[in-house]
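Structure at a glance
Here's the letter readout for the chains.
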Amino acid sequence: MALPEHFNKMYRSFIKRDSKQLRKIHDKLMKEAVLNPSPFVYESAVFAYVLYKILSKTRFLSPEYNKNLSSIASALKDFMKASNKPQDWKRASRNLEKTIKNLEKTDRRYITDILSKGRLKTAAIIYAQGLSLGLASELAGMDKQQILEYVGQTMMFDRLKEEKDIIERVKDAKKMIEE
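Along each chain, numbering runs from 1 in the same order as the chain's sequence is written. Reporting of local features is limited, given that this is a predicted model, to residues whose pLDDT is at least 70; pairs of side-chain atoms are given and counted only at 80 or more, and all residues count toward the totals for whole chains, interfaces and linings. Neither water nor hydrogens contribute to the side-chain values; these are computed over all heavy atoms in the structure.

1. Considering the overall build of the chain
Helical segments are the DSSP runs of H or I of at least four residues, strand segments are the runs of E of at least two, and each set is numbered from the N terminus. The secondary structure content of the chain amounts to 10 helices and 0 strands. If you list the helices and strands of the chain from N to C, you get α-α-α-α-α-α-α-α-α-α. Working rule for contacts: check all heavy atoms of both residues, and any pair within 4.5 Å makes them a contact. Within the chain, contacts between residues separated by at least 24 positions form 65% of all contacts whose residues are at least 6 apart in sequence. Per-residue and other accessible areas were derived by the Shrake-Rupley procedure at a 1.4 Å probe size, with only the shown protein chains allowed to occlude residues. Looking at the chain as shown, the accessible area adds up to about 10,300 Å², and 50% of this sits on carbon and sulfur atoms.

Written as structure tokens, this is what we have:
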């Protein structure tokens, strides 16, 4: 599936409040980030994860958050449109990030904000899926040590279903490219 299709699905899923679909999009974008490690694809995966987390918190679905969710939807639509224009992408990305942070300002329950957690978790997962620690760290804009600590605390590698040799990884990459 091409990236613009992922963004269209991400937007439609957020509008429909379909958190499960956003999680699936996040998983697909992470696989794409392993094959095409770019800040754009990585940030898109982070946003898909963060939107999934927002919709999975029932308190954010209450009427008092409707204005915030509408702002996020509008910023997401701009982000989706900017996906074809790299010069507009950073502006749209910052705007989407700002609207998400505005949602969190109204309900500060966690030590780590949802965007930071999303970046860390996504970096850790793409590292666990085979991207180098250095590249995962660079994409996330965080220290390698932070990623390693998170991976160690969550025992992420212990939860991987199976180890894959290089031939299996190449076969998986070819399948993804053909989709």
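2. Looking at the nonpolar core
We call a set of buried residues a nonpolar core when its members are Ala, Val, Leu, Ile, Met, Phe, Trp, Tyr or Cys and they connect through side-chain atoms within 4.5 Å of each other. Exposure categories follow from relative accessible area, calculated using a 1.4 Å probe and restricted to protein chains: below 20% of the type maximum is buried, above 50% is exposed, and the middle band is partly exposed. The biggest cluster of nonpolar side chains holds 53 residues, and the ones touching the most others in it are Ile54 and Ile100. For this core, the secondary-structure elements that each account for two or more residues are helix H1 (3–16), helix H2 (19–35), helix H3 (39–56), helix H4 (66–82), helix H5 (86–105), helix H6 (114–128), helix H7 (133–140) and helix H8 (144–154). Among the elements that make up this core, the one with the highest residue count is H3 (13 residues). Residues contacting Ile100, with those up to four places away along its chain left out, are Phe47, Val50, Leu51, Ile54, Ile72, Ile114 and Leu115.

3. Here we look at the side chain of Arg119
With respect to the helices, strands and loops of the structure, Arg119 is situated in helix H6. The definition of a polar contact used here is a pair of N or O atoms within 3.5 Å, where within protein one atom must be able to donate a hydrogen and the other to accept one, and adjacent residues in sequence count solely through side-chain atom pairs. A distance of 3.0 Å separates a polar atom in the side chain of Arg119 from a polar atom in the side chain of Glu43. When near neighbours in sequence (up to four residues on either side) are disregarded, Arg119 contacts Tyr42, Glu43, Val46, Glu97, Ala140 and Met142.

4. Topic: the pattern of salt bridges
What counts as a salt bridge is simple: a side-chain nitrogen of Lys or Arg found within 4 Å of a carboxyl oxygen of Asp or Glu. Under the criterion given, the structure shown has 4 salt bridges. Between Glu97 and Lys101 there is a salt bridge whose closest N-O contact spans 3.2 Å. Taken as a pair, Glu97 and Lys101 lie in helix H5 at a separation of 4 residues, close to a single helical turn. The exposure class assigned to Lys101 is partly exposed, which follows from its relative accessible area of 37%. Two residues, Glu97 and Arg119, come together in a salt bridge whose shortest N-O distance is 2.8 Å.

5. Focus: the side chain of Glu97
For Glu97, a relative accessible area of 18% puts it in the buried group. Glu97 has contacts with Phe47, Leu115 and Arg119, leaving out every residue within four places of it along the chain.

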